[in-house]
Amino acid sequence: MPRVTRQEITACTRGAFGSGWVGRGELCAAARAAGARPEAVALLADLSPHVRVCGLPDLLLLLPDLPDDAAGAEPEPGSGA
């Protein structure tokens, strides 16, 4: 299964922002509502319960090891890559 990417986190959490600071719970809820993969929700759920961010740039700073796109993701097993 491919790793979660910055683009995936951006797409699934975009709906959480716009009305001020949001925490881990709001980020997870937004990801679920956007139909995010369980791996993306789990990544967000692993953030500190004390985390509060006001936008995507702040969130992505907390996740520095995410690859930029699918090209940086791990290949799927059996894909021959």
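Every chain is numbered on its own, with residues counted from 1 as its sequence reads. Given that the model is predicted, a residue must reach a pLDDT of at least 70 before its local features are reported, and side-chain atom pairs must reach 80 or more before they are shown or counted; all residues, however, enter totals for whole chains, interfaces and linings. Heavy atoms from the whole structure form the basis of all side-chain values; hydrogens and water molecules are not counted.

### Focus on the environment of Val-22
- By the criteria applied, helices consist of DSSP H or I runs no shorter than four residues and strands consist of E runs no shorter than two, each listed in order from the N terminus. Looking at the secondary structure, you find Val-22 in strand β1 (residues 22-23).
- Residues Val-22 and Cys-54 lie 32 residues apart in sequence; the distance between their C-alpha atoms is 6.3 Å.
- Contacts between residues were defined by any pair of non-hydrogen atoms, one from each residue, lying within 4.5 Å. With residues up to four places along the chain from it excluded, the contact list for Val-22 reads Ala-16, Phe-17, Leu-27, Val-51, Arg-52 and Val-53.

### Describing the pattern of salt bridges
- A pairing counts as a salt bridge when a side-chain nitrogen of Lys or Arg comes within 4 Å of a carboxyl oxygen of Asp or Glu. Counted according to the given criterion, the structure contains 4 salt bridges.
- As a salt-bridge pair, Arg-6 and Asp-68 come within 3.4 Å of each other at their nearest N and O atoms. Linking Arg-6 in helix α1 (residues 6-13) with Asp-68 in the segment after α4 (56-61), this pair joins segments that are 62 residues apart in sequence.
- The residue Glu-26 makes a salt bridge to Arg-52 at a minimum N-O spacing of 3.8 Å. Of this pair, Glu-26 sits in helix α2 (residues 24-33) while Arg-52 sits in strand β2 (residues 52-53), and the two are 26 residues apart along the sequence.
- Only protein chains enter the calculation, and the probe is 1.4 Å; a residue is then buried if its accessible area is under 20% of its type maximum, exposed if over 50%, and partly exposed in between. A relative accessible area of 39% means that Glu-26 is categorised as partly exposed.
- Members of the salt-bridge network, linked through shared partners, are Glu-8, Arg-37 and Glu-39.

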